[in-house]
Amino acid sequence: MLGSVLAACALAASALAATPAEWQQRSIYQLVTDRFATSDGSSPTCDTEDRIYCGGSWQGVINQLDYIQYMGFDAIWISPIVANLEGSTGDGYSYHGYWTVDQNALNEHFGTASDLNNLATALHDRGMYLMVDIVVNHMAANTLPPDYSTLTPFNAESSFHTFCWVTDYNNQTNVEQCWLGDSNVPLVDCNTEDDGVIDFFHNWVGELRSNYSVDGFRIDTLKHVRKDFWPDFQTAAGVYAVGEVFEGDVNYVAPYTKVLDGVLDYPTYYQLTSAFESTSGSLQNLVNVVQQAQSAYENQLFTVGTFLENQDNPRFQSITTDQGLVKNAMTWPLIADGIPILYYGQEQGYTGSNDPYNREALWLSGYVIEDKPLVHHVRILNAARKAAIATSSSYLSTAVTFPSVGGNTLAVSKYPMLSLLTNVGASGTPAWDVSSGTGYSSGTELIDVLTCTTYTAGSGGSVSVTGSGGNPVILLPTGAFNTTYCSALAGTHSTSSHTVAVTFEVEYDTVYGGQ
Ligand code: ABC
Ligand code: CA
C-alpha cells in the first residue's frame with residue numbers, strides 16, 4: 001500500500017518535472033511581478049522613473065491569467081521571488097527583485113508562500129507552466145564595503161569574491177570574479193568556487209522547485225559564473241533552465257548552450273531588432289546569425305528562449321512605431337526555432353525605452369483586448385504555432401530555412417509553416433516570390449492566418465503573394481488551421497471570459513500604437 005502510494009508520488013513528481021522537450025511546445029509570457037497586476041485589481045499610479053514598488057503581486061497574476069491565456073500563452077516567467085534589499089537606494093527600490101538579501105525568504109511585497117503556491121496551482125489547473133527567475137551570481141548590499149551580516153545564509157566575506165568591479169567584458173576572469181552593480185548597490189559576487197556555496201545552491205534550487213512547484217527557471221547573469229558550475233546546478237534544478245548570457249556574439253554564447261538546457265538568444269535579438277527597426281535594416285544579417293547559431297549551439301536553436309523585448313533593453317516601439325515593422329518583428333519569436341517569449345506590455349503597444357522606462361504598469365492599459373491589433377496578432381500567431389505543432393510531429397525539430405531573402409522581404413520555412421516577412425514598412429506593399437523550398441506540393445491550398453486569405457501553391461510548391469500595409473503573411477495548409485479564428489477577424493468572437501468584437505475594418509483602420 002505504502003509502496004504504491006510512493007510509486008504514485010514518484011510518478012506525479014516526474015510528470016511535473018518539465019523537460020526542455022516539454023518547454024519547446026510552450027509559449028512564454030514574461031512579466032515583471034511588481035508591474036503586472038495588483039491583488040485587489042486597483043490601478044495605482046506608477047511612474048517608472050521613481051523606481052518604487054508599484055504594487056503588483058502573485059495574487060494579481062492569478063487574477064489576470066485569463067488575459068494571458070486568451071493570447072495563447074501557456075507559461076509565464078515571473079520576477080525573482082526571494083527577499084530583497086528594503087528601502088530606498090541611490091538606484092531606487094528593489095521592485096524588480098534582483099537584489100537578494102535572504103535566499104531563504106520570499107519577497108513579501110509580492111505575497112506569501114501560499115499566494116505563490118496558489119499561483120502555481122492556478123497555472124497548473126489551466127495546463128500552464130511556471131518559470132521563476134533566479135540569481136545565483138550575486139547578492140545585494142547598500143553600502144561599500146557591504147555589511148555581510150545583512151546577507152542570508154552567507155553572512156561572511158569568505159563566501160564572496162574579493163571586491164573589484166566588472167569593468168572589462170573582454171576579460172572573462174573579470175566578468176566572473178568581479179562585482180556588478182555600482183557603489184549605491186554593490187552586487188556582492190558569490191564565491192561559486194566554494195563548496196559550501198555550491199552545496200547550498202544545489203539544495204536551494206531543488207527546494208524552490210519542489211516547494212513552489214516550479215516548472216522551469218530563468219537564470220540571471222549566467223556568464224558571470226564559471227561555465228563548469230552549471231551542469232551540476234542544472235541537474236539539481238531538475239527542470240528546464242534558460243540562462244541569460246547578455247551578449248550578441250554567437251561564438252561567445254555557444255559554449256553556454258553546452259552547460260545548460262538553453263540560453264536567452266541575445267545574438268538573434270540584436271539582429272532581429274536591427275532587421276526590423278527601419279526599412280533599411282538588414283534581413284540578411286538576421287539570416288546569417290540564425291544560421292550561425294543553428295550550427296554553433298548545442299541543440300541548434302530548439303531550446304533557446306527567443307525574444308524581442310525584456311526588462312533590460314528598450315522596447316521595440318521605443319525605436320519605431322511603424323506598425324508594419326512592429327508586427328513583423330513581433331512575429332519572429334513565434335515562427336522561429338526557439339521557445340517564444342513575449343515581454344508583458346508589448347501586446348498593448350508599450351513604448352518604454354531603457355531601464356527603468358521599459359517596466360510600465362500593465363494595469364494602466366486596463367488589460368483591454370478589444371480593438372488591440374497586437375493582442376490579436378500574438379493570439380493568432382500562438383494559435384498558428386500550436387496548429388503547426390499539432391499537424392507535424394517534426395515541426396519542433398525542423399530548423400528554419402530561408403527559401404528567399406530579398407532587400408525588404410524574407411521567406412522563412414518551417415514546414416508546414418511558411419512565414420513571409422518584410423521590413424518594407426506600413427506604407428509599403430510587399431511581394432514575395434518563393435520558387436522552391438517551401439515543402440508544399442503543387443496545388444496545396446494555403447491560408448494566411450493573419451487575414452484568412454487563401455492561396456494555392458504552384459509547381460514545385462512555389463508561392464507568390466502580394467501583401468499590404470507592410471504586414472507579414474503567415475501561411476499554413478488550410479486544413480491545419482482552425483478557421484474559427486477567422487471569424488474573429490470578421491465578426492464577434494466569444495471566449496469563456498470575454499466577448500470580443502473585432503471587425504475586419506477595425507483591424508486595418510485603427511490608429512496603431514495607442515496606449
Ligand atoms: C540599476 C538601475 C539602472 C542603472 C544600474 C546601474 O542600476 O535600474 O538604471 O543603470 C537589476 C535591475 C536593474 C539594475 C541592476 C543593477 O540590477 O533589474 O534595474 O539597474 O543594480 C541581469 C538582469 C537585470 C538585473 C541584473 C542584476 C542582471 O536581466 O534585470 O538588473 O541581477 C550586464 C549583465 C546582465 C545584466 C545586465 C543588466 O548587465 O551581464 O546579466 N542583466 C554589455 C555586457 C553585458 C551587460 C550589458 C548591460 O552590457 O556585455 O554583460 O549586461 O550592462 C551588445 C553586446 C553586449 C553588450 C550590449 C550593451 O551590446 O554584444 O555584450 O552588453 O552589442
Ligand atoms: Ca560572479
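All residue numbers refer to positions counted from 1 along the written sequence of the respective chain. Lettering for chains starts from A, numbering for ligands starts from 1, and both go in the order in which the items are written. For this predicted model, a pLDDT threshold of at least 70 governs which residues receive local features, and a threshold of 80 or more governs which side-chain atom pairs are given and counted, while totals over whole chains, interfaces and linings are taken from all residues. The side-chain values count all of the structure's non-hydrogen atoms but skip hydrogen atoms and water molecules.

Digging into the coordination of the calcium ion (ligand 2)
Logical step 1: Each metal's donors comprise the N, O and S atoms found within 2.8 Å of it (within 3.2 Å for Na, K or Ca). Water is not part of the atom list, so some coordination spheres may appear incomplete. Coordination of the calcium ion (ligand 2) by the protein is provided by Asn137 (OD1), Glu176 (O), Asp189 (OD), Asp189 (OD) and His224 (O), with metal-donor distances spanning 2.3 to 2.7 Å.
Logical step 2: In primary-sequence terms, the residues that donate to the calcium ion (ligand 2) follow N-x38-E-x12-D-x34-H. Here Glu176, found in helix α7 (residues 172–177), pairs with His224, found in the loop between β9 (216–219) and α9 (230–237); they are 48 residues apart in sequence, far enough to count as distant. You'll find Glu176 and His224 in the same group, each marked buried. Secondary structure elements are defined from DSSP: runs of H or I of at least 4 residues count as helices, runs of E of at least 2 residues count as strands, and each element is numbered from the N terminus. To sort residues, take the accessible area from a 1.4 Å probe on protein chains only and compare it with the maximum for the residue type: under 20% means buried, over 50% means exposed, and anything in between is partly exposed.

A few points about the domain arrangement of the protein
Logical step 1: What marks off one domain from the next here is an automatic or database domain assignment. By the assigned domains, the protein splits into domain 1 (6–369) and domain 2 (401–490).
Logical step 2: One C-alpha centre belongs to domain 1, the other to domain 2, and the line joining them spans 33 Å.
Logical step 3: Throughout, a contact is declared for two residues whenever any of their heavy atoms are within 4.5 Å. The interface is formed by 23 residues belonging to domain 1 together with 23 residues belonging to domain 2.
Logical step 4: Here's the idea: put two parts together, see how much 1.4 Å probe accessible area each one loses, and the total over both is what we call buried area. Between domain 1 and domain 2, a total of about 1,600 Å² is buried, with carbon and sulfur atoms accounting for 64% of that surface.
Logical step 5: Only one rule defines a salt bridge in this text: a Lys or Arg side-chain nitrogen within 4 Å of an Asp or Glu carboxyl oxygen. Where domain 1 packs against domain 2, one counts 1 salt bridge.
Logical step 6: Lys414 is paired through a salt bridge with Asp337; the nearest N and O atoms lie 2.7 Å apart.
Logical step 7: Here a polar contact is recorded for every N or O atom pair within 3.5 Å, except that within protein the pair must consist of a potential hydrogen donor and a potential acceptor, and residues adjacent in sequence are included only if both atoms are side-chain atoms. At the junction of domain 1 and domain 2, the tally comes to 7 residue pairs in polar contact (both at pLDDT 80 or more).
Logical step 8: Of the residues forming the side of domain 1 that touches domain 2, the biggest block, 8 residues, is contributed by helix α13 (residues 323–335).
Logical step 9: For this classification, Asp, Glu, Lys and Arg are treated as charged, while Ala, Val, Leu, Ile, Met, Phe, Trp, Tyr, Cys and Pro are nonpolar and the rest, including Gly, are polar. Looking at the side of domain 1 that touches domain 2 residue by residue, the class counts come to 11 nonpolar, 9 polar and 3 charged.

Looking at the pattern of salt bridges
Logical step 1: Counted under the stated rule, the structure contains 14 salt bridges.
Logical step 2: Arg226 is the partner of Glu193 in a salt bridge, and the nearest nitrogen-oxygen pair spans 3.4 Å. Here the residue Glu193 occupies a position in the loop between β8 (186–189) and α8 (195–212), and Arg226 occupies one in the loop between β9 and α9, the gap between them amounting to 33 residues.
Logical step 3: In this structure, Arg226 and Asp228 form a salt bridge, with 2.8 Å as the shortest nitrogen-oxygen distance.
Logical step 4: Taking the relative accessible area as the measure of exposure, Asp228 reaches 55% and is therefore exposed.

Quick word on the pairing of β9
Logical step 1: Burial along β9 is two-sided: Gly216 and Arg218 and Phe217 and Ile219, pointing in opposite directions, are all buried.
Logical step 2: The pairing of strand β5 (residues 129–134) with β9 spans 4 bridges and is parallel. Looking at the pairing, Ile134 lines up with Ile219 of β9.
Logical step 3: Any two strands with at least two DSSP bridges between them are considered paired. Pairing between β9 and strand β10 (residues 240–243): 4 bridges, direction parallel. Bridging from a neighbouring strand, Arg218 pairs with Val242 of β10.
Logical step 4: With α9 bridging β9 and the parallel β10, this β-α-β connection has right-handed handedness. When the strands point away from the viewer, a crossover counts as right-handed if the route from the first strand across the helix to the second turns clockwise.

Observations concerning the side chain of Thr273
Logical step 1: In this fold, Thr273 is placed in helix α11 (residues 266–276).
Logical step 2: The buried category is assigned to Thr273, whose relative accessible area is 8%.
Logical step 3: A distance of 2.9 Å separates the side chain of Thr273 from the backbone oxygen of Tyr269, its partner in a polar contact.
Logical step 4: Those residues in contact with Thr273, other than ones at most four positions away along the chain, are Leu308, Phe316 and Ile319.

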